[in-house]
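Report on the structure
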Amino acid sequence: MLKAVVSIVLFLFMASVAAAQAITDPKEIASHLHFWAQDAGNPVYYGEVRNVNPRTMQPMGHYQCLALAFIKYENGVFDYAHKMWAKSRDGSCHYEDVTSRKVGNHGACVKDTNAGFGTAIGTALMTKANIDYMHSTFRTIDTNSRRVGETAACVPPRGVQAGLYSIKIEDGRLKVITTRPLDYEVNIEPQDPEHPPTKPVF
C-alpha cells in the first residue's frame, strides 16, 4: 500500500514538474498561438507590460496594460499588433473599457481606423474591422536576429527595434522580454476583443 501511495505521489510530482517546464522553441510556441492570418475570428491576448531590472533581467512592477494580436508566423518570425494603456484609477487593467483613454504603441505602420496618434484618444479594440491586417506592416519578434519591434520596412533604413532577451510559454502565460528592457506577458488563452475580460487576467 505504501509503495502504491509513494508511486502516485511521485507520478503527480513529475507531472507537475513537466507542466511547469517552459516552452522556448519558437515553432512549438507558435503551435500554441492563434493567428489572424489563419483564424476566422479576432483572437486577442490580454495581459500587461512590466518593467525589467536591467542588471538581472528579472520582471518587476507594472508598466502598462496590454492587448496583443498575433498576425502570422513564418520561419521564426512572429508578426504582431499590440496596444498599451494606463491602469484605471482603481489600480486595475480594465480591458472592457479601453476606448476612453489614450492608447499607445500600436505601431507606426499599422492601418488603424482610430489610431489615436499624439495626444488623441484612440480605440484599443483589436479587431479585424478596426485594423487592416492584410495591408499593414506589423512589428515583429524575430527569433533569428533576436530583434523585437518596428522593422526596416516600416521605419527605414534599419527599423526601430530592441533586442530579444527571451520568449517562452510558462505557467499559462506567453512571456517576451526585450533588452529595452520590458516584459510583455499575456494569458495564453485568447479572447474575443468584442467581449474582452471583465476581470484582471492574472
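Residues numbered from 1 in each chain as written. Predicted model: local features only at pLDDT ≥ 70, side-chain atom pairs only at ≥ 80, totals over all residues. Heavy atoms only, no water.

Tallying each qualifying case throughout the model produces 2 disulfides. A sulfur-sulfur separation of 2.2 Å characterises the disulfide bridge that pairs C65 with C93. Given an S-S torsion of about -95 degrees, the disulfide between C65 and C93 has left-handed geometry. With a gap of 28 residues between them, C65 in strand β2 (residues 59-74) and C93 in the loop between β3 (77-85) and β4 (139-142) connect regions that are remote in the sequence. With a relative accessible area of 0%, C65 lands in the buried category. Judged by relative accessible area, which is 10%, C93 ranks as buried. Each sulfur of the disulfide joining C109 and C154 lies 2.1 Å from the other. Residues C109 and C154 share a disulfide whose torsion about the S-S bond is about 90 degrees; that sign makes it right-handed. Here the residue C109 occupies a position in the loop between β3 and β4, and C154 occupies one in the loop between β5 (147-150) and β6 (160-170), the gap between them amounting to 45 residues. Taking the relative accessible area as the measure of exposure, C154 reaches 13% and is therefore buried. Numbered in order of appearance, the disulfide-bonded cysteines of the chain are paired 1-2, 3-4. (Disulfide = S-S within 2.5 Å. Helix = DSSP H or I, 4+ residues; strand = E, 2+ residues; numbered from the N terminus. Buried < 20%, exposed > 50% of the residue type's maximum accessible area, 1.4 Å probe, protein only.)

Going from P156 to P157, the amide bond is cis rather than trans, its omega being 0 degrees. Inspection of the secondary structure puts P157 in the loop between β5 and β6. The residue after R180, namely P181, is reached through a cis peptide bond having omega 0 degrees. Among the secondary structure elements, P181 is positioned in the loop between β7 (173-178) and β8 (182-187). Although it is not a glycine, M57 adopts a positive phi angle of roughly 60 degrees. Along the polypeptide, M57 turns up in the loop between β1 (45-52) and β2. Of note in the backbone geometry, N75 takes a positive phi value of approximately 50 degrees without being a glycine. On the secondary structure map, N75 appears in the loop between β2 and β3.

Under the criterion given, the structure shown has 7 aromatic pairs. Aromatic side chains Y73 and F78 sit 4.6 Å apart centroid to centroid with 50 degrees between the ring planes, which places their arrangement in the tilted category. Judged by relative accessible area, which is 0%, F78 ranks as buried. Taking the centre distance of 6.0 Å and the plane angle of 85 degrees together, the rings of W85 and Y95 count as edge-to-face. Placement of W85 in strand β3 and of Y95 in the loop between β3 and β4 is noted, with a sequence separation of 10 residues between them. No difference in accessibility class separates W85 from Y95, as the two residues are buried. (Phe/Tyr/Trp six-rings, centres within 6.5 Å; stacked < 30°, edge-to-face > 60°.)

Residues I29, L33, F70, F78, I141, I167 and L174 are the most contacted members of the largest nonpolar core, which totals 25 residues. Per-element tally for this core: the top contributor is β2, with 4 residues. Formed by 18 residues, the second largest nonpolar core is a distinct cluster that contains Y46, I71, C93 and V98. (Core = buried A, V, L, I, M, F, W, Y, C linked by side-chain atoms within 4.5 Å.)

On the basis of which strands lie adjacent, the closed barrel formed by 8 strands has the order β1-β2-β3-β4-β5-β6-β7-β8 and antiparallel pairing. On average, each strand axis in the sheet is tilted by 35 degrees relative to the strand beside it, whichever way the strands run. Two strands pair when backbone bridges link them, and β3 and β4 are joined in this way by 4 bridges, in the antiparallel orientation. From the neighbouring strand, F78 faces β4, where its bridge partner is I141. (Pairing = 2+ DSSP bridges. Axes fitted to C-alpha atoms, helices over the stretch in contact; angles between N-to-C directions.)

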